[in-house]
Amino acid sequence: MTPALGNAPRMLLGLAAGAVAFAAADTYVVVLALPDMMGSAGIPLDQLQRAAPIVSGFLLGYVAMLPLIGRIADLRGRVPVLVFSLVLFALGSLVTALAYDLPSMVSGRFLQGVGGGGLVPATLALVADLYPANRRGVPLGIVSAVQEVGSVLGPLLGAVVLAVSDWRAIFALNLVVGLVLAAAIRALALGRPGPGQEPGPPGAEPGEPARRRRDLVGLALAALTLVAGALVFVRPGPIMRDLRWGEMFVPFVGDGRWLTPVGAVTLAAAAGLVVRLLTAAHPLVDVRSWGRAMREADLLGSALLGVALGGIILAFATADPRLEVFSAQGAWYLLGAAVAAVCLVVHLRRSPAPLVPAGTLRRTPAWGSLVVSFFVGAALIAALIDIPLFARTTIYGDSQLSAALVLVRFLVALPVGAVLGGYLTRSWGPGRTTATGMALAAASFLLMSRWDITALESWSATVPLVLGGLGFGLALAPVNAAVLAFTDASVHGLTSALVVVSRMVGMLVGISALTTLGLRRYYAEQADIPGVREVCDGRSRCAEFTLLLKQAGIAQEQTVFLGAAGCALLAGVLALVLFRSATSVPVAQSTGLGSSRG
């Protein structure tokens, strides 16, 4: 525990974990709000594919920027990154809440993803700072648990807000909570100033005296940018109808909102703010130090890795998994990702200060954590996607909410398993704990692969759902514990980010591969179905033919569940093999919460 903060570190970790949970909730909160968001963006409900960037934009920001943010957390300190990520998350929430078209919505969601994703590696690295390797299991389990609780509460939170307001209120709530958490974490990290001292600036060491005055000019430019920008987004009716002030919203040319006087004021104020931040002796935000941190974190390497990850994400996330493996441009996305990956390897070999320092993942449990995390993600996605699909195929039809609620039984068990997995890691080690969890997950998928058309009507369907949730929960903490225990303290933020990225990529690749297997089974079953008029005695549709189609859909989902069971078993076996030297973990040195060097 860091002496400068006294008892504050555990409170700080609690706030950080709460922020991770809230950001995780935002990953799923958009599910119920998506139809209303589509309407606000002018997208018809029968063109759902056009709204895919609203979801994939968040995912792209969440994953592609994680390694860079994790590395910055190592170089600049955990607390500054936590505060920065929350502020960025709040800014993205503001943009999304005010969005008036698809590009503005996607931009806001991307910023939310970057901010929400940045919280994860900083929080996991914070655990490593506060606890020795042999005591990290439980706190890592708790962090994983609250993250999954956030995933469970996300759709419920969205439903509650939508019951009393519209979709914009969801993101307005995100804005408020994000700023409150950022202020609380900063205040707690700074601690009480000593006699004659003022609280230090953001990112300073606890108790460090203030070294710069308030930047009133920068504050005024920031306020003008926000107010004028909000007017561009909202376009208040009373102001627009006013004969004098309404002219502020009349475009100089064309019909673009940013080509109006108020749009020009916004752009000019934003440009002035940027210049002020870059040139002032005492700027509102010390962007120059952040720029130095980004350069030290290997901005070029981060960009190449971001392009590689972005290509993979866009190839899979923009496709309809029920219809295609890749989107129409998927092959081009993957080609771009492959080129970027090759360039990244060359860059990492030649750079004197690469994004991933040489030897970072030299120990087997370290790189093994990435491999295991990949297959855990490949199996997990089958539960998250195909359990609701099975529910809709069988008994819930077009009720997306009812089908999603079936998954709640799985998600509620997951955080329970995460805490239990953290506890067992201390005595069993990461290998046995992960393997046990994946064995339970595989067993649950095998039971699901035997579900028939009435399976979800029986209480017995709860058994594999709860078993699967517990199993995946057991695997979360030990994988994180292994990578933190067998990497140097100076790269804990980076390696934590890489584990999350590996799991997310595994989810994207897994859903593609498993869906391909399922569709082959579906088409094979469909080929054996007689013609509709033959089944229905000359009619174009009947209950008997619908039942045959449902049975083909059930066969598809059963195949997916079998494939997921194989992925889970493979993850368990790999954990036993790759983590076999991790039965006793080395004790890493604490890095300190606010240090400029992690």
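Reading the values: the criteria
Every chain is numbered on its own, with residues counted from 1 as its sequence reads. In keeping with the model being predicted, local features are shown solely for residues with a pLDDT of at least 70 and side-chain atom pairs are shown and tallied solely at 80 or more, while totals for entire chains, interfaces and linings include all residues. Each side-chain value is derived from all of the structure's non-hydrogen atoms; neither hydrogens nor water enter the calculation. Starting at the N terminus, helices and strands are each numbered in turn, a helix being any DSSP run of H or I of at least four residues and a strand any DSSP run of E of at least two. Buried, partly exposed and exposed residues are distinguished by accessible area as a fraction of the type maximum, computed with a 1.4 Å probe on protein chains only: under 20%, between the cut-offs, and over 50%, respectively. Two residues qualify as a contact provided that any one of their heavy atoms is within 4.5 Å of a heavy atom in the partner residue. Pairing of aromatic rings covers Phe, Tyr and the six-membered ring of Trp, with a centre-to-centre limit of 6.5 Å; geometry is then stacked below 30 degrees between planes, edge-to-face above 60, and tilted otherwise. Sitting over a ring, as applied to charges here, requires NZ of Lys or CZ of Arg to be within 6 Å of the ring centre and within 35 degrees of the ring normal. The nonpolar core is taken to be a set of buried Ala, Val, Leu, Ile, Met, Phe, Trp, Tyr and Cys residues, with the residues joined through side-chain atoms within 4.5 Å. In this analysis a 1.4 Å probe is tested at points of a 1 Å grid over the protein atoms alone, and where it fits but cannot get out there is a cavity; an open set with protein on both sides within 12 Å along at least five of seven lines is a pocket; lining residues have an atom within 4 Å of a point. Grid points are joined across faces, edges and corners, and a volume is the space filled by probe spheres set on the points. Only the stretch in contact is used when a helix axis is fitted, and all axes are lines through C-alpha atoms; the angle between N-to-C directions ranges over 0 to 180 degrees. Any angle between 65 and 115 degrees counts as roughly perpendicular, while under 35 counts as roughly parallel, over 145 as roughly antiparallel, and the rest as oblique. The sense of a crossing depends on the near helix, which, turned anticlockwise from the far helix by less than a right angle, makes the crossing left-handed and, turned clockwise, makes it right-handed. Gly is placed with the polar residues, together with every amino acid not listed as nonpolar (Ala, Val, Leu, Ile, Met, Phe, Trp, Tyr, Cys and Pro) or charged (Asp, Glu, Lys and Arg). Arc definition: directions from the helix axis to the C-beta atoms. Like charges within 9 Å and nonpolar side chains (Val, Leu, Ile, Met, Phe, Trp, Tyr) within 5 Å are joined into patches, using only residues over 30% in relative accessible area that form no salt bridge. What sets the accessible areas is the Shrake-Rupley method with a 1.4 Å probe; for residues, cover comes only from the shown protein chains. What counts as a salt bridge is simple: a side-chain nitrogen of Lys or Arg found within 4 Å of a carboxyl oxygen of Asp or Glu. Predictor confidence is given residue by residue as pLDDT, running from a minimum of 0 to a maximum of 100.

1. Comments concerning the side chain of Asn480
Stage number 1. Summarising the element assignment, Asn480 is placed in helix H16 (residues 462-485).
Stage number 2. By relative accessible area, Asn480 is classed as buried at 6%.
Stage number 3. Not counting chain neighbours up to four residues away, the residues in contact with Asn480 comprise Leu124, Leu140, Ser144 and Val499.

2. What to know about the packing of aromatic side chains
Stage number 1. Counted under the stated rule, the structure contains 14 aromatic pairs.
Stage number 2. Considering the side-chain rings of Phe390 and Phe561, the 6.3 Å spacing of their centres and the 50 degrees angle between planes classify their relative orientation as tilted. One end of the pair, Phe390, is in helix H14 (residues 364-396); the other, Phe561, is in helix H19 (residues 543-578), and 171 residues separate them in sequence. Residues Phe390 and Phe561 agree in their burial class; the two are buried.
Stage number 3. One aromatic cluster is present, formed by Phe390, Phe410, Phe445, Trp451, Phe472 and Phe561 through successive ring pairs.
Stage number 4. A cation over an aromatic ring shows up here: Arg432 above the ring of Trp428, its NZ or CZ 4.9 Å from the ring centre.

3. Quick word on unusual backbone geometry
Stage number 1. In this structure, Arg235 is a non-glycine residue whose phi angle is positive, near 50 degrees.
Stage number 2. Counting through the fold element by element, Arg235 comes out in the loop between helix H8 (216-234) and helix H9 (237-241).
Stage number 3. Taking relative accessible area as the criterion, Arg235 reaches 30% and is therefore assigned partly exposed.
Stage number 4. Despite not being glycine, Asp298 shows a phi value in the positive range, around 70 degrees.
Stage number 5. Positionally, Asp298 belongs in the loop between helix H11 (287-296) and helix H12 (299-317).
Stage number 6. Of the residues examined, Asp298 reaches a relative accessible area of 6% and is grouped as buried.

4. Concerning the nonpolar core
Stage number 1. Ranked by internal contacts, the top residues of the largest apolar core, which has 115 residues, are Phe410, Phe445, Trp451 and Phe472.
Stage number 2. In this view, Phe445 contacts Ala379, Ala382, Ala383, Phe472, Phe561, Ala564 and Ala565; residues no more than four positions away in its chain are not counted.
Stage number 3. Judged by nonpolar contacts, the second largest core, of 17 residues, contains Val29, Ala41, Ala97 and Phe171.

5. A look at empty space enclosed by the protein
Stage number 1. For the structure shown, the criterion picks out three cavities of 30 Å³ or more.
Stage number 2. Reported here for the second largest cavity is a volume of approximately 70 Å³.
Stage number 3. For the second largest cavity, the full set of lining residues is Val120, Leu124, Val143, Ser144, Gln147, Glu148, Leu476, Asn480, Val500 and Arg503.
Stage number 4. For the lining of the second largest cavity, the leading source of residues is helix H6 (residues 137-164), giving four residues.

6. Points about the packing of helix H3 (residues 66-76) against H11
Stage number 1. Remark: H3 packs on H11, axes separated minimally by 9 Å, with the N-to-C direction vectors making an angle of 110 degrees. With respect to each other, H3 and H11 are oriented roughly perpendicular. Crossing of H3 over H11 shows right-handed handedness. For the pair H3 and H11, contact is made by Leu68, Ile72, Leu75 and Arg76 and by Ser289, Trp290, Ala293, Met294 and Glu296, respectively.
Stage number 2. Taken together, the residues of the contact of H3 with H11 sort by class into six nonpolar, one polar and two charged.

7. Details of the packing of H3 against helix H17 (residues 492-527)
Stage number 1. For the pair H3 and H17, the least separation of the axes is 6 Å and the interaxial angle reads 160 degrees. As the angle between them shows, H3 and H17 are arranged roughly antiparallel. Here H3 and H17 pass one another in a crossing that is right-handed. Contact with H3, carried on its side by Leu66, Pro67, Gly70, Arg71 and Asp74, involves His492, Gly493, Leu494, Ala497, Leu498, Val500 and Val501 of H17 and no other residues of that element.
Stage number 2. When grouped by side-chain class, the residues that make up the contact of H3 with H17 number seven nonpolar, three polar and two charged.

8. Observations concerning H11
Stage number 1. For H11, the full list of buried residues reads Ser289, Trp290 and Ala293. Taken around the axis of H11, the buried residues stretch over an arc of 100 degrees, which confines them to a single face.
Stage number 2. The secondary structure elements touched by the buried residues of H11 are H3 and helix H4 (78-98).
Stage number 3. Where H11 ends, the next residue or the one after it, Asp298, has phi of about 70 degrees, a positive value.

9. Side note on a nonpolar patch on the surface
Stage number 1. Taken together, the side chains of Val149, Leu153, Leu156 and Leu405 make up a nonpolar region of the molecular surface, amounting to roughly 310 Å² of accessible area.
Stage number 2. Looking at which element gives the most residues to the nonpolar patch, the answer is H6, with three residues.
Stage number 3. Mapped onto the fold, Leu156 is located in helix H6.
Stage number 4. A residue is classified by how much of its surface remains accessible, and Leu156, at 39% relative accessible area, is partly exposed.

10. Describing the pattern of salt bridges
A pair can form between side chains of opposite charge whenever their charged atoms are brought close.
Stage number 1. Considering all chains together, one arrives at six salt bridges under this definition.
Stage number 2. With a shortest N-O distance of 3.7 Å, Asp74 and Arg71 are connected by a salt bridge. Of this pair, Asp74 and Arg71 both sit in helix H3, three residues apart, which is roughly one turn of that helix.
Stage number 3. Here Arg276 ties to Asp215 by a salt bridge, and the two come within 2.8 Å at their closest N and O atoms. Of the two residues, Arg276 sits in helix H10 (residues 261-279) while Asp215 sits in the loop between helix H7 (168-190) and H8, which places them 61 residues apart along the sequence.
Stage number 4. Through salt bridges that share partners, Arg71, Asp74, Arg78 and Asp129 make up one connected network.

11. Side note on the side chain of Ser444
Stage number 1. Among the secondary structure elements, Ser444 is positioned in helix H15 (residues 400-448).
Stage number 2. Look past the residues within four positions of Ser444 in its chain and what remains in contact with it is Pro464, Leu467 and Gly468.

12. A short note on the environment of Ala122
Stage number 1. Turning to its location among the elements, Ala122 is positioned in helix H5 (residues 102-130).
Stage number 2. Given a relative accessible area of 0%, Ala122 falls into the buried group.

13. Brief notes about the confidence of the model for the protein
Stage number 1. Per-residue pLDDT for the protein has a mean of 82; in total, 86% of the residues score no lower than 70.
Stage number 2. Taken as a whole, residues 1-6 scores under 50 in pLDDT and shows 12 contacts with residues more than four places along the chain or in a different chain.
Stage number 3. In the model, residues 192-211 has pLDDT below 50 throughout and makes 34 contacts with residues more than four positions away in sequence or in other chains.

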